[in-house]
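Working through the structure, step by step
Here are the chains, one letter per residue:
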Amino acid sequence: MFFDFASFLPRAVMQGIPLLYGSTGEILTEKSGNLNLGIPGIMYVGGICGVVGAFFYEQAVPAAEMNGILAIGVPMVCSLLGSLLMGLLYCLLTVTLRANQNVTGLAMTTFGVGIGNFFGGSLIKLTGSEVPSIALSTTSAYFSKSLPFAAKCGWFGQIFLSYGFLAYLAILLALLASYFLKHTRPGLHLRAVGESASTADAAGINVTKYKYLATCIGSMIAGLGGLYYVMDYASGVWSNNAFGDRGWLAIALVIFTIWRPNVSVLASILFGGFYILYLYIPTGTNLAIKELYKMLPYVVTLAVLIIVSLRKKREDQPPASLGLSFFREER
């Protein structure tokens, strides 16, 4: 069997970029001690908010007169604002009101998917489309445009240079997040809050501020993963419930990388490759075999979780106060 690696790797990268955005945002959030299981919903909201912004911009301006900066900027700002509101809602419930983080995150996932389907369905009705989807091909062309010299570089250009700018932004954000956590004082304070909020509070660190900032910034980064999926990977086509389980894969990627954003860069490509592996390995008409291949990222994550738990190395463990509410009066 001939395995077309030159075709497989670019698709694995594109499949993995939303996961990289989601895992980077979730790692920042979890380093503050907040366990945000609402990441799938936040990514969904980020995607639909970008679609709403792009839709109304395309409706207001003819395709020939569209400004490239606005065509990219309007959806991105809308996506970031929508994700920010979701992050603020999560913080209000879990940090300020001290609601259970697991229940809040799961509720926000359901809420985010519902919001996305509501507005997505509304836009589809506005267009009068006969199919349950909406296409924003003009805006998508700006997001998916690759480097101009990529086509001239042969296989190297196809593998490394043939992506839209959001793919490279995802890698840059992951590396910056890793540097921030390891080599800056605010990053040290953030990790201190995640390990022991009461100790950090006693040292004069504003626990509430760090939790809010980490969660909101993490949510905004995750929201860009939803925007990338719609505008680049899906070529500007939005259809309800098309996002699949990518949000949950992003959370699994956090565990797989042992809370290290820099490792997520390669791990996201690995997960993306696992997710589409069934397309490159003959399975015939047996759909069950295809679904088994899609389970590979989760199986690998479980294996890593078991190995890490058995090794019991402190640097490989999650933040000590992850998922726990901070009660200042109990310090």
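Below is a summary of the structure that appears in this document.

Basis of the calculations
Chains are numbered independently. Their residues run from 1 in the order of the written sequence. The model is predicted, so local features are restricted to residues of pLDDT at least 70 and side-chain atom pairs to those at 80 or more, both for listing and for counting; the totals for chains, interfaces and linings are taken over all residues. The side-chain figures draw on all heavy atoms in the structure; neither hydrogens nor water molecules are used. Secondary structure is summarised from DSSP: a helix means a run of H or I of at least four residues, a strand means a run of E of at least two, and numbering begins at the N terminus for each. Here, two residues are considered to be in contact whenever any of their heavy atoms come within 4.5 Å of each other. Surface accessibility follows the Shrake-Rupley procedure with a 1.4 Å probe radius. Residue values consider only the protein chains on display as shielding. Positive: Lys, Arg. Negative: Asp, Glu. His and the chain ends are not part of the count. One atom stands in for each charge, and that atom is NZ of Lys, CZ of Arg, CG of Asp or CD of Glu. Buried residues of nine kinds, namely Ala, Val, Leu, Ile, Met, Phe, Trp, Tyr and Cys, make up a nonpolar core once their side-chain atoms join them within 4.5 Å. Here the term buried applies to any residue with accessible area under 20% of the maximum for its type, exposed to any over 50%, and partly exposed to those in between, with areas from a 1.4 Å probe on protein chains only. Only protein atoms enter the calculation, which uses a 1 Å grid: trapped sets of points that fit a 1.4 Å probe without letting it out are cavities, open sets showing protein on both sides within 12 Å along at least five of seven lines are pockets, and any residue with an atom within 4 Å of a point is a lining residue. Grid points are joined across faces, edges and corners, and a volume is the space filled by probe spheres set on the points. Pairing of aromatic rings covers Phe, Tyr and the six-membered ring of Trp, with a centre-to-centre limit of 6.5 Å; geometry is then stacked below 30 degrees between planes, edge-to-face above 60, and tilted otherwise.

Within the chain, the secondary structure is distributed over 14 helices and two strands. For the chain, the spread of C-alpha atoms along the three principal axes comes to 60 × 50 × 40 Å. Counted over contacts in the chain with a minimum sequence separation of 6, partners at least 24 positions apart contribute 77%. About 15400 Å² of surface is accessible on the chain, with carbon and sulfur atoms providing 68% of the total. Looking at the chain, you have 21 positive and 15 negative side-chain charges, and the mean spots of the two groups are 8 Å apart.

If you look at the biggest cluster of nonpolar residues, it comprises 72 residues, and the most contacted ones within it are Ile17, Tyr21 and Val51. Among all residues touching Tyr21, those that are not within four sequence positions of it are Leu166, Leu169, Ala170, Leu173, Ile221, Ala222, Leu224, Gly225 and Tyr228. Ranked by size, the runner-up nonpolar core spans five residues in total, among them Phe8, Ala12, Ile276 and Leu277.

Here we come to empty space enclosed by the protein. What the rule picks out here adds up to one cavity of 30 Å³ or more. Put simply, the largest cavity is a space of about 50 Å³. Together, Tyr44, Tyr229, Val230, Val237, Trp238, Ser239, Ala242 and Phe243 line the largest cavity. If you list the elements that add at least two residues to the lining of the largest cavity, you get helix H10 (207–233) and strand S2 (237–238).

Tracing the sequence through the fold places Ile255 in helix H11 (residues 246–256). When near neighbours in sequence (up to four residues on either side) are disregarded, Ile255 contacts Thr301, Val304 and Leu305.

Let us look at the side chain of Thr109. Within the element layout of this structure, Thr109 appears in helix H4 (residues 101–127). You can call Thr109 buried: its relative accessible area is 9%. Apart from residues lying up to four places away in sequence, Thr109 is in contact with Leu37, Gly38, Ile39, Pro40, Gly41 and Trp248.

This part is about the packing of aromatic side chains. With the rule as written, the count across this model stands at nine aromatic pairs. With a centroid separation of 5.1 Å and 80° between ring planes, the pair formed by Phe118 and Phe119 is classed as edge-to-face. With a centroid separation of 5.8 Å and an interplanar angle of 25°, the aromatic rings of Phe143 and Phe165 are classed as stacked. Taken together, the residues span a long stretch of sequence, with Phe143 in helix H5 (residues 137–144) and Phe165 in helix H7 (residues 165–183) at a distance of 22 residues.

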